[in-house]
Amino acid sequence: MSMAEAAIELQPPNTIRGVWAALAVAAVALALGPLAGMPNFVQALVIEILIFSILALSLDILLGHTGLVSFGHAAFFGVAAYGLGIAAGRMTPELMVTVPVGLAAAVLLAIPLGWLSIRLSGFYFLMITFAFAQMVYVVAFRWKWLTGGSDGLLIPSATFLGLPALRSRETLYYTTLAAFLLSCIGMISILRTQFGRALAGIRENTLRMRALGYNVRRYKLIAFVIAAGFGGIAGVLNSQFNLFIAPESVHWTQSALVLVMVLIGGSGYFLGPIIGATIVILLQHWLSSYTEYWGLVLGLLFIALISGAREGIAGIGRQLWSRLGGRQ
Amino acid sequence: VLEFIAIQGLNGLVYSMLLFLLALGLSLTFGLLRVVNLAHGGFFLMGAYFGMSAWLLTQSFWAAMLIAAVGAALVGGLLERLWLQRFYARAELDQVILTFGFALVFADLMKMLWGKDIHSVPPPAAFSRSIQIADFIFPSYRLLLIVVGVALFVATWLAIEKTRLGALIRASVSDREMVGGLGYNVRFLFTAAFAFGTGLAGLAGLLGAPIIGIFLGLDFEVLITTLIVVVVGGLGSITGAFWASLLIGVSETFGKALLPDLASFIIFGVMAAVLLVRSWGKDEEQVE
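So, here's what we can say about the structure. Everything numeric in this text was worked out from a predicted model, so none of it was measured. (Residues numbered from 1 in each chain as written. Chains lettered and ligands numbered in written order. Predicted model: local features only at pLDDT ≥ 70, side-chain atom pairs only at ≥ 80, totals over all residues. Heavy atoms only, no water.)

**Overview of the overall build of chain A**
- Within chain A, the secondary structure is distributed over 15 helices and four strands.
- Its C-alpha atoms give chain A principal-axis dimensions of about 50 × 45 × 40 Å.
- Within chain A, the proportion of its 328 residues that are buried is 56%.
- Counted over contacts in chain A with a minimum sequence separation of 6, partners at least 24 positions apart contribute 80%.
- A total accessible area of about 13500 Å² is found for chain A, and carbon and sulfur atoms account for 68% of it.
- Computed over 19 positive and 11 negative side-chain charges, the separation of the two mean positions in chain A equals 11 Å. (Helix = DSSP H or I, 4+ residues; strand = E, 2+ residues; numbered from the N terminus. Buried < 20%, exposed > 50% of the residue type's maximum accessible area, 1.4 Å probe, protein only. Contact = heavy atoms within 4.5 Å. Areas by Shrake-Rupley, 256 points an atom, 1.4 Å probe, with all protein chains shown as cover. Lys, Arg positive; Asp, Glu negative; His and termini not counted. Charge placed at Lys NZ, Arg CZ, Asp CG, Glu CD.)

**Digging into the overall build of chain B**
- If you tally the helices and strands in chain B, you get 11 helices and two strands.
- Mapped in sequence order, the helices and strands of chain B form the string α-α-α-α-β-β-α-α-α-α-α-α-α.
- Principal axes of the C-alpha set define a box for chain B whose edges measure 60 × 50 × 35 Å.
- A total of 288 residues make up chain B; the buried ones form 55% of that total.
- A separation threshold of at least 6 residues defines the contact pool for chain B, and within that pool the share at least 24 residues apart is 76%.
- Approximately 12200 Å² of chain B is accessible, and the part contributed by carbon and sulfur atoms is 69%.

**Section: helix α3 (residues 40-63) of chain A**
- Between its first and last C-alpha atoms α3(A) spans 34 Å; for 24 residues at 1.5 Å apiece the expected length is 34 Å, and the two agree.
- Counted residue by residue, α3(A) has 21 buried out of 24 residues, so it is predominantly covered. (Expected span 1.5 Å × (residues − 1).)

**Quick notes on the pairing of strand β2 (residues 136-139) of chain B**
All names here are of chain B.
- Only one face of β2 is buried: it carries Phe-136 and Phe-138, and the other face, with Ile-137 and Pro-139, is open.
- Pairing between strand β1 (residues 130-133) and β2: four bridges, direction antiparallel. Bridged to Ile-133 within β2 is Phe-136. (Pairing = 2+ DSSP bridges.)

**Structural notes on the side chain of Thr129(A)**
Residue and element names in this part refer to chain A.
- Checked against the element boundaries, Thr-129 lands in helix α6 (residues 122-142).
- A distance of 2.9 Å separates the side chain of Thr-129 from the backbone oxygen of Phe-125, its partner in a polar contact.
- There is a polar contact of 2.9 Å between the side chain of Thr-129 and the backbone oxygen of Leu-126. (Polar contact = N/O pair within 3.5 Å; in protein donor to acceptor, adjacent residues only side chain to side chain.)

**So, the packing of helix α9 (residues 218-233) of chain B against helix α10 (residues 238-258) of chain B**
All names here are of chain B.
- Packing of α9 against α10 brings their axes to within 8 Å, and their N-to-C directions diverge by 130°. As summarised for this structure, α9 and α10 are arranged oblique, according to the angle between their axes. Along this stretch, α9 crosses α10, giving a crossing that reads as right-handed. Residues Thr-225, Ile-228, Val-229, Val-232 and Gly-233 of α9 lie in contact with α10, whose contacting residues are Gly-240, Ala-241, Ala-244, Ser-245, Leu-247, Ile-248 and Glu-252. (Axes fitted to C-alpha atoms, helices over the stretch in contact; angles between N-to-C directions. Parallel < 35°, antiparallel > 145°, perpendicular 65-115°, else oblique. Left-handed = near helix turned anticlockwise from the far one by under 90°.)

**What to know about the interface of chain A and chain B**
- On the side of chain B, 47 residues touch chain A, which itself brings 47 residues to the contact.
- With both chains or domains summed, chain A and chain B bury close to 4300 Å², and 73% of this area falls on carbon and sulfur atoms.
- Interface area lost by chain A to chain B is led by Phe123(A), Tyr124(A) and Ile306(A), which between them contribute 15%.
- Remark: the boundary between chain A and chain B carries zero salt bridges.
- Counting across the interface, chain A meets chain B through two residue pairs in polar contact (both at pLDDT 80 or more).
- At the level of secondary structure, the elements contributing two or more residues to the side of chain A that touches chain B comprise α1 (3-6), α5 (95-117), α6, α10 (206-211), α11 (216-242), α12 (252-265) and α14 (294-307) of chain A.
- The element contributing the most residues to the side of chain A that touches chain B is α6(A), with 13 residues. (Buried area = accessible area lost by both parts, 1.4 Å probe. Salt bridge = Lys/Arg side-chain N within 4 Å of Asp/Glu carboxyl O.)

**Considerations on the nonpolar core**
- In terms of nonpolar packing, the biggest core is built from 201 residues, with Met127(A) and Phe270(A) touching the most fellow members.
- Filtering out sequence-adjacent residues up to four positions away, Met127(A) remains in contact with Leu227(B), Ile228(B), Val231(B), Met271(B) and Leu275(B). (Core = buried A, V, L, I, M, F, W, Y, C linked by side-chain atoms within 4.5 Å.)

**So, the pattern of salt bridges**
- Inspection of the entire model under this criterion finds three salt bridges over all chains.
- A salt bridge links Glu204(A) to Arg203(A), with the shortest nitrogen-to-oxygen separation between them at 2.7 Å.
- Overall, Glu204(A) belongs to the partly exposed group, its relative accessible area being 25%.
- A salt bridge links Lys256(B) to Glu252(B); the nearest nitrogen and oxygen atoms lie 3.2 Å apart. Note that Lys256(B) and Glu252(B) are positioned in helix α10 at a spacing of four residues, about one turn of the helix.

**Comments concerning the packing of aromatic side chains**
- Enumeration according to the criterion identifies 29 aromatic pairs over all chains in this entry.
- With centroids separated by 5.6 Å and ring planes inclined at 45°, the aromatic side chains of Phe52(A) and Phe77(A) adopt a geometry described as tilted. Of this pair, Phe52(A) sits in helix α3 while Phe77(A) sits in helix α4 (residues 74-90), and the two are 25 residues apart along the sequence.
- What makes Phe77(A) buried here is its relative accessible area of 2%.
- Measuring from centroid to centroid gives 6.4 Å for Phe43(B) and Phe194(B), while their planes differ by 85°, and the two rings are edge-to-face. Placement of the pair is Phe43(B) in helix α2 (residues 40-58) and Phe194(B) in helix α8 (residues 186-212), with a sequence separation of 151 residues. Pair check on accessibility: Phe43(B) and Phe194(B) agree, each one buried. (Phe/Tyr/Trp six-rings, centres within 6.5 Å; stacked < 30°, edge-to-face > 60°.)

**Considering a nonpolar patch on the surface**
Residues and elements named next belong to chain B.
- On the surface, Val-1, Phe-4, Ile-5, Leu-258, Leu-259, Leu-262 and Ile-266 cluster together to form a nonpolar patch covering roughly 640 Å² of accessible area.
- Note on placement: Ile-266 falls in helix α11 (residues 263-279).
- In this structure Ile-266 comes out as partly exposed when scored by relative accessible area, which is 30%. (Patch = residues over 30% accessible without salt bridge, like charges linked within 9 Å, V, L, I, M, F, W, Y side chains within 5 Å.)

**Regarding helix α4 (residues 92-114) of chain B**
Residues and elements named next belong to chain B.
- The end-to-end C-alpha distance of α4, which contains 23 residues, comes to 33 Å, matching closely the 33 Å that a straight helix rising 1.5 Å per residue would cover.
- With 19 of its 23 residues buried, α4 lies for the most part within the structure.
- Just downstream of α4, Gly-115 is the residue with a positive phi angle, here 75°.

Encoded structure:
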């Protein structure tokens, strides 16, 4: 049984109106937060959750919506941040320059890597994306004069049209929120087009799609590049949040963490990765102050989820909803 | 130069043999059970810790070897019986997640039980000296490991290709339902194969301890290299696992000595290249 088939059970339900409503409520609440005196550390937490939500959503374009299990998604997240950081350090901190450079780095890396990776499926796709991401990690770790090696790279504070930009927590908060909402709108729109339907078709039955005359590889490649692009957006935001980038952000453990977010939240449900990112980030912050056995908690969570609730938390919510008499 | 090649070559062979013990178990498990066991590195480290504790109690390396292999095999058998068996009908990704969950749990349990220090076990007294071959001096323990690895390869190959049990295993690899239908106890066969594989991993953990030590994080390190070996060798193939262990083990050892910056880049590159060559001109579902 291939991994693509794993996603078959995960039919994304036709609850697009519910998704919009949930996003709108969350957006309004989050937008009002700082005005209502949201403490600084909560703002930082929200920023981090939103960044990782974009990253998890972008991975789910491959995992939940196309049926490709990528184990190297952090590569694009990190490369975008490196691209931005290097441009900011060596050329100009102007966002009009650095952001396109960062996004271009992610997309330009994704084209050849995706072109090669999509020749494989299932476990082999997982392994080759993993291999490529680890190669990126080695480059980030060893190419010292460009990336700063294991010390990482300090990213100079940004300017926008020559003026200092994103210097206060609030502006970064609202910028991240706006980027998050635009990314959500972008991804939902893409998934609802003919193209998005074709991806779902590939996930459900690749052979049939090929027999119908679809160029399956081209669709997969475009999905791969789009996912990398949105991953790059998350990376660019993260570089502004931390003003620092280190090889750890392209390490396989980072890729695994994003995969964890998607799986815990519920792959294939649009809100799933967002829920998963929220839970994982909160758990990470909360548990790491109590215990060093963070892996144990994560592992038990995995075992419990896979043994009990195959579709993640979004899946549990949906079951409850239909049991309570809600519409399917 | 000659000395460098001889020493690194020997080290590469030793490392290859440890990799082979790991890859053999992982490959066999995959071939039979169709499960990619990401907890395999955990069994390696677990075996090393079990063996170390046994060694501290008895001061006997042979007792430690026994405990390492039997302990890891027992845990493996239990895992297969209690959890994995219910997942054979599930998707590949489910099994990957499940075993990855166990890998994380094992890692933290070992941190709790044995702490964060780096440990080691000395080689057995009978093999603590060095042997001179031509102009070179080799530690005899390392030579022993090479012999053990090759012997195990030959024994497993013969067992699988020439015995009745081997025939049963090969039959189960190609069609497990049919073998079950013929009245054989496939469930038991699977548990035994899984326990055998994890036992080998545990044995490798202890055998490697005098050379590479025992420390946290080693489980994921060896898991990654073993996955590479198994993918390069072809999932489910024992001969493939042997040659791939040699290729990856020797090239990583020389890579680390000559180009320390690029060693891991090279082995990941080798894996990617092998996968791509194997997939060229095929649809992505046909790659084996």
